[in-house]
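# Summary of the model geometry
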Amino acid sequence: QLQLVESGGGLVQAGGSLRLSCAASGRTFSSYAMGWFRQAPGKVRELVAAISRSGDNAYYADSVKGRFTISRDNAKNTVYLQMNSLKPEDTAVYYCAAAAGYASVYVRVAEYAYWGQGSQVTVSS
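This section reports on the structure supplied with the text. (Residues numbered from 1 in each chain as written. Predicted model: local features only at pLDDT ≥ 70, side-chain atom pairs only at ≥ 80, totals over all residues. Heavy atoms only, no water.)

## Regarding the side chain of Ser 52
Mapped onto the elements, Ser 52 comes out in the loop between β5 (46–51) and β6 (58–60). Setting aside residues up to four positions removed in sequence, Ser 52 forms contacts with Ala 33, Asn 57, Arg 72, Ser 104 and Val 105. (Helix = DSSP H or I, 4+ residues; strand = E, 2+ residues; numbered from the N terminus. Contact = heavy atoms within 4.5 Å.)

## Section: the pattern of salt bridges
Per the stated rule, a full pass over the model turns up 5 salt bridges. Between Asp 62 and Lys 65 there is a salt bridge; the shortest N-O distance is 3.2 Å. With a relative accessible area of 66%, Asp 62 lands in the exposed category. A salt bridge links Glu 111 to Arg 108, with the nearest nitrogen and oxygen atoms 3.6 Å apart. (Salt bridge = Lys/Arg side-chain N within 4 Å of Asp/Glu carboxyl O. Buried < 20%, exposed > 50% of the residue type's maximum accessible area, 1.4 Å probe, protein only.)

## Here we look at the state of the cysteines
All chains considered together, the criterion is met by 1 disulfide. One disulfide bridge connects Cys 22 with Cys 96, the sulfur atoms lying 2.0 Å from each other. Taking the torsion about the sulfur-sulfur bond, which here is approximately 50 degrees, the covalent link between Cys 22 and Cys 96 counts as right-handed. Residue Cys 22 is located in strand β3 (residues 18–25), and its partner Cys 96 is located in strand β9 (residues 92–99); the two are separated by 74 residues in the primary sequence. Of the two residues, Cys 22 and Cys 96, neither departs from the other in class, the shared state being buried. (Disulfide = S-S within 2.5 Å.)

## As for the environment of Glu 46
With respect to the element layout, Glu 46 can be found in strand β5. In the structure, Glu 46 is positioned 27 residues away from Arg 19 in sequence and 18 Å away in space, judged by C-alpha atoms. Every residue in contact with Glu 46, bar those within four places of it in the chain, is listed here: Trp 36, Phe 37 and Arg 38. In this structure the side chain of Glu 46 is engaged in a polar contact, spanning 2.7 Å, whose partner is the side chain of Arg 38. (Polar contact = N/O pair within 3.5 Å; in protein donor to acceptor, adjacent residues only side chain to side chain.)

Geometric values such as these leave the question of function open.
Below, the structure written as structure tokens:
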């Protein structure tokens, strides 16, 4: 089992920044591609960003391109999501997730086997 624990969420004004962290334990972190998802009330869970096992390939949803940056530190077993220029529509519970396999990045919820408990991000206008 791979355990994932998110931290860094909170309340921020529009235009502000937050950095989410996701610490992994239990298995070899560098064996997993990672992703950040979010889910707002009444909406489906959506991919925000994904990163390959080595960190050299990343994918972003159109809604966050140019504002969010995903990164990972395999020595620290941690993946990050730097969120800048936050908007009220970014308000959601943010989840990190891990996917095994041979692809570089994964974009579908069903491709991820392990999930964190979620971290609330609230952006006020």
